[in-house]
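Observations on the three-dimensional arrangement
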Amino acid sequence: MTMQMALEDGLTIAKRNLIKIKRVPDLLVFTTLSPIMFVLLFAYVFGSAISVPGTSYREFLIAGIFTQTVIFGATWTGLGMVEDLQKGIIDRFRSLPMAPSAVLIGRTSSDVLINVISLVVMSLTGLLVGWRIHSSVLEALAGYALLLLFAYALSWVMAVVGLWIRTPEVFNNASFIVIFPLSFIANTFVETTNLPGPLKVIAEWNPVSAVTQAVRELFGNTNPAMTVPDAWPLQNPIIASLLWTGGLLIVFVPFAIRRYQKAVGR
């Protein structure tokens, strides 16, 4: 199977997944409601208790909420793989003359659209609570592209988890165990300088922190009065984000394909 055939087959699978979203509107409703809930909750409940030097907390917050949302969006890949395996849909794909990687390419690609919808809804909600983009159009687009690229890389990580676990319930528990520390021990909601010793170091080298800081800079939501940690990833967040994203793809794309071949071979 050539790469072109794998991409063509992957596109077919992606279309199938998008049609599924249309047939199950509940999925789309809860996908869009969650970002609104997070923005409103943190902006109005926690925003009154947290201050950030040089900027409003809502300006500081939105990039963190964006990053957290696309991380949660990446879990749809793993959950979809678990459900397809459990329902025997993967077995039907096995009988078709398609590349083994096509199912994974289709699943991860279609889930990018879910994140696009979430980002659009969240951006509109952010504008309503006072968030603004202070950079150029190209920089803003680069910020959104970086978020989607990072989410795409995480989708391959979640695909591996989904292929390892047999039931959706267990996958939900396993993914939250990973995602909650990843998204909260970071600069998503508070500055890393406010965290105690070991947590501060973890947060500074957390890929989520690099992506969040990069998006803040690309959206123009930073201020010279804000404290910038000495850690290299937060000094060079855009480069660090791209390195993290590239590393995840290099490691987990072939790993997910091998794991898929083992899972369907049982």
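Look up: the structure comes first, before these words.
So, how was this worked out
Positions within a chain are numbered from 1, following the residues in the order the chain's sequence is written. Only residues with pLDDT of at least 70 are given local features in this predicted model, and only at 80 or more are side-chain atom pairs given and counted; all residues enter the totals for whole chains, interfaces and linings. Water and hydrogen atoms were dropped before computing side-chain values, which therefore reflect all heavy atoms in the structure. Any pair of Phe, Tyr and Trp rings, taking the six-membered ring for Trp, is counted once the centres come within 6.5 Å. Such a pair is stacked with planes under 30 degrees apart, edge-to-face with planes over 60 apart, and tilted for the rest. Secondary structure elements are defined from DSSP: runs of H or I of at least 4 residues count as helices, runs of E of at least 2 residues count as strands, and each element is numbered from the N terminus. For each residue, the accessible area found with a 1.4 Å probe, counting protein chains only, is set against the maximum for its type, and the residue is called buried under 20%, exposed over 50%, and partly exposed in between. For this analysis, residues touch if any pair of their heavy atoms sits within 4.5 Å. Note on definitions: angles span 0 to 180 degrees between N-to-C directions of axes, and those axes are lines fitted to C-alpha atoms, for helices only across the stretch in contact. Oblique is the label for every angle not falling under 35 degrees (roughly parallel), over 145 degrees (roughly antiparallel), or within 65 to 115 degrees (roughly perpendicular). Put simply, a crossing is left-handed when the front helix is turned counterclockwise from the back one by less than a right angle, and right-handed when it is turned clockwise. Each residue receives one of three labels: charged for Asp, Glu, Lys and Arg, nonpolar for Ala, Val, Leu, Ile, Met, Phe, Trp, Tyr, Cys and Pro, and polar for the others, Gly being one of them.

1. Here's the deal with the packing of aromatic side chains
For the structure shown, the criterion picks out 17 aromatic pairs. With a centroid separation of 6.3 Å and 75° between ring planes, the pair formed by Trp164 and Phe255 is classed as edge-to-face. Here Trp164, found in helix α6 (residues 137-164), pairs with Phe255, found in helix α11 (residues 237-264); they are 91 residues apart in sequence, far enough to count as distant. Since its relative accessible area comes to 28%, Phe255 is described here as partly exposed.

2. Notes on the environment of Gly126
Along the chain, Gly126 turns up in helix α5 (residues 100-128). What makes Gly126 buried here is its relative accessible area of 0%. Between the C-alpha atom of Gly126 and that of Glu59, which follows or precedes it by 67 residues, the distance is 8.8 Å. Aside from chain neighbours lying at most four places away, what touches Gly126 is Val39, Ile62 and Trp131.

3. Considering the packing of helix α3 (residues 57-87) against helix α9 (residues 207-219)
Closest axis-to-axis distance for the α3/α9 pair is 9 Å, and the angle between their directions is 130°. It follows from the interaxial angle that α3 and α9 lie oblique. As for how α3 packs across α9, the hand of that crossing is right-handed. From α3, Phe60, Ala63, Gly64, Phe66, Thr67 and Ile71 reach across to α9, where they touch Val208, Val211, Thr212, Val215, Arg216 and Phe219. Of the residues belonging to the contact of α3 with α9, the class tally is eight nonpolar, three polar and one charged.

Treat this as a map of the structure, not an account of what it does.
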